[in-house]
Amino acid sequence: MTQVEPTSGAAGVATRAALKSIPAYKPGLPPAPRPGVSPHKMSSNENPFPPLPGVLERAVAAAGGANRYPDMACTRLIARLAERLDVPTDDLIVGTGSSGVLQQTMLALCEPGDEVVYAWRSFEAYPIMVGLTGARSVQVPLDERARHDLPAMAASIGPRTRVVLVCTPNNPTGPVVHAREVEEFLARVPRHVLVVVDEAYVEFVRDGDAARGLDAYRAHPNVMVLRTFSKAYGLAGLRVGYGVAHAPISAAIRKTAVPFGVSTIAQEAALASLDAEGELGARVADLVAERARLVDALSEQGWAVPDAQGNFVWLATGERTESIAASLGEAGLSVRAFPGEGLRCSIDVPEANDALAQALRPFATRSGGGHH
Ligand SMILES: *Cc1c(COP(=O)(O)O)cnc(C)c1O
């Protein structure tokens, strides 16, 4: 046996240079416990309701088989989704949340030095997933209404662009992109560039002009859609989401999965959730009504809230962001603070939304602090 000299320890092990510029993902935090106040976690866009009726029973039953690996191909879930969405099974990719599918997509498409175009501010996982491949993020500022500036995004596509991400509704600001502007945009995107339409909050959209990712996918071979069971379906903790992309892009994306990433529990819970769509509709309608009520209350106070089409609202609090977040914390409410920019507050049960509106009142100004 060869004797290996001990080296200087872990410091001697080289990690990839690309990691130096990658920010750590900051999860939304739970509220700090305070005597006498009921806490509400409004920081992660989770569903305040538990999984849909029947889902836990199926998940628990599936847990009995945990000594076995799951079906890596997610055969039943994919068959079910294919039928429901009217797309070929070959075009579906199930992954560990839609962020898992997005990471697989980046790994499948991007080489070091490539570029990925997306709006900013948007989903904070984007710069991480792009950076992990060694590709470069090209961030295009949102417009003054906190919407995607699709003409500017089209103009930002260059020879190294491999992917464009379109987040609709946009996390954390709330507005959707419209069908007409997406068609104009897609007409300007070269065929070799993949456009990923991230529809994590699609169930909450009520804007009739909103773009529909699946329509764009049907009309364009270079469009992919991302969906998730984490938000409307209330399964954030089980990690299951999916993508719809034309073959052979879908086949390439499947190759980059962590083997057996989606557990049998998650697959069964997703199937059971699809069986409970009636209840899903009622819950989503409740949250959408609460969203309208909260937006009205905040607008009444003088806040300028960008069009909220997800299960969250955005307040452009600028330099006051951290102090307002701290004050909300005193009231038992945790929200997602982007220092210097704004606060993203998830829609919760009526009591929580009322508490939020009340706690925000002292900070409202008639000018609303602008949108951005
Ligand atoms: C929450 C979210 C996702 C996906 O979350 P998963 O739990 O990984 O499915 C994707 N995109 C956006 C914009 C989100 O906000």
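Here's a quick rundown of the structure. The structure displayed is predicted, hence computed values, not measured ones.

Let's shift gears to the site of the ligand. For the ligand, the set of nearby residues contains 13 residues, the closest of which are Ser99, Tyr201, Thr228, Ser230 and Lys231. Interatomic distance of 2.3 Å between a side-chain N/O atom of Ser99 and an oxygen atom of the ligand. In this structure, Arg239 approaches the ligand through a side-chain N or O atom, which is 2.7 Å from an oxygen atom. In isolation the ligand has 380 Å² of accessible area, and contact with the protein removes 94% of it.

Time to look at the packing of helix α10 (residues 277-301) against helix α12 (residues 350-360). Two elements in contact, α10 and α12, have axes separated by 10 Å at closest approach and are oriented at 15°. Classified by the interaxial angle, the pair formed by α10 and α12 is roughly parallel. As for the relative orientation of α10 and α12, their crossing is right-handed in sense. Across the interface between the two elements, Glu290, Arg293, Leu294, Ala297, Leu298 and Gln301 from α10 touch Pro350, Asn353, Asp354, Leu356, Ala357 and Leu360 from α12. Among the residues forming the contact of α10 with α12, the class breakdown is 7 nonpolar, 2 polar and 3 charged.

Every other side chain in a regular strand lies on the same face of the sheet, so the side chains alternate between the two faces. Burial along strand β9 (residues 312-315) is two-sided: the residues Phe312 and Trp314 and Val313 and Leu315 are all buried. With 4 bridges connecting them, β9 and strand β11 (residues 342-346) associate as antiparallel partners. Along β11, the bridge assignment pairs Phe312 with Ser346.

Under the defined criterion, the tally for this structure stands at 9 aromatic pairs. A ring pair is formed by Tyr118 and Trp120, whose centres lie 5.8 Å apart and whose planes are at 70°; its orientation type is edge-to-face. Ring geometry for Tyr201 against Phe312: centres 5.0 Å apart, planes inclined by 70°, an arrangement best described as edge-to-face. Of this pair, Tyr201 sits in the loop between β6 (194-198) and α7 (213-219) while Phe312 sits in strand β9, and the two are 111 residues apart along the sequence. The pair formed by Tyr201 and Phe312 is uniform in burial state, with each residue classed as buried.

Under the definition given, this model contains 18 salt bridges. Here Lys41 and Glu46 are joined by a salt bridge, their closest N and O atoms 3.0 Å apart. Taking the relative accessible area as the measure of exposure, Lys41 reaches 27% and is therefore partly exposed. Given the relative accessible area of 33%, Glu46 is considered partly exposed. Between Glu184 and Arg180 there is a salt bridge, with the nearest N and O atoms lying 3.8 Å from each other. Taken as a pair, Glu184 and Arg180 lie in helix α6 (residues 179-188) at a separation of 4 residues, close to a single helical turn. The exposure class assigned to Arg180 is exposed, which follows from its relative accessible area of 68%.

Rules behind the numbers
Residues numbered from 1 in each chain as written. Predicted model: local features only at pLDDT ≥ 70, side-chain atom pairs only at ≥ 80, totals over all residues. Heavy atoms only, no water. Near = heavy atom within 4 Å. Polar contact = N/O pair within 3.5 Å; in protein donor to acceptor, adjacent residues only side chain to side chain. Areas by Shrake-Rupley, 256 points an atom, 1.4 Å probe, with all protein chains shown as cover. Axes fitted to C-alpha atoms, helices over the stretch in contact; angles between N-to-C directions. Helix = DSSP H or I, 4+ residues; strand = E, 2+ residues; numbered from the N terminus. Parallel < 35°, antiparallel > 145°, perpendicular 65-115°, else oblique. Left-handed = near helix turned anticlockwise from the far one by under 90°. Contact = heavy atoms within 4.5 Å. Nonpolar A, V, L, I, M, F, W, Y, C, P; charged D, E, K, R; others polar. Buried < 20%, exposed > 50% of the residue type's maximum accessible area, 1.4 Å probe, protein only. Pairing = 2+ DSSP bridges. Phe/Tyr/Trp six-rings, centres within 6.5 Å; stacked < 30°, edge-to-face > 60°. Salt bridge = Lys/Arg side-chain N within 4 Å of Asp/Glu carboxyl O.

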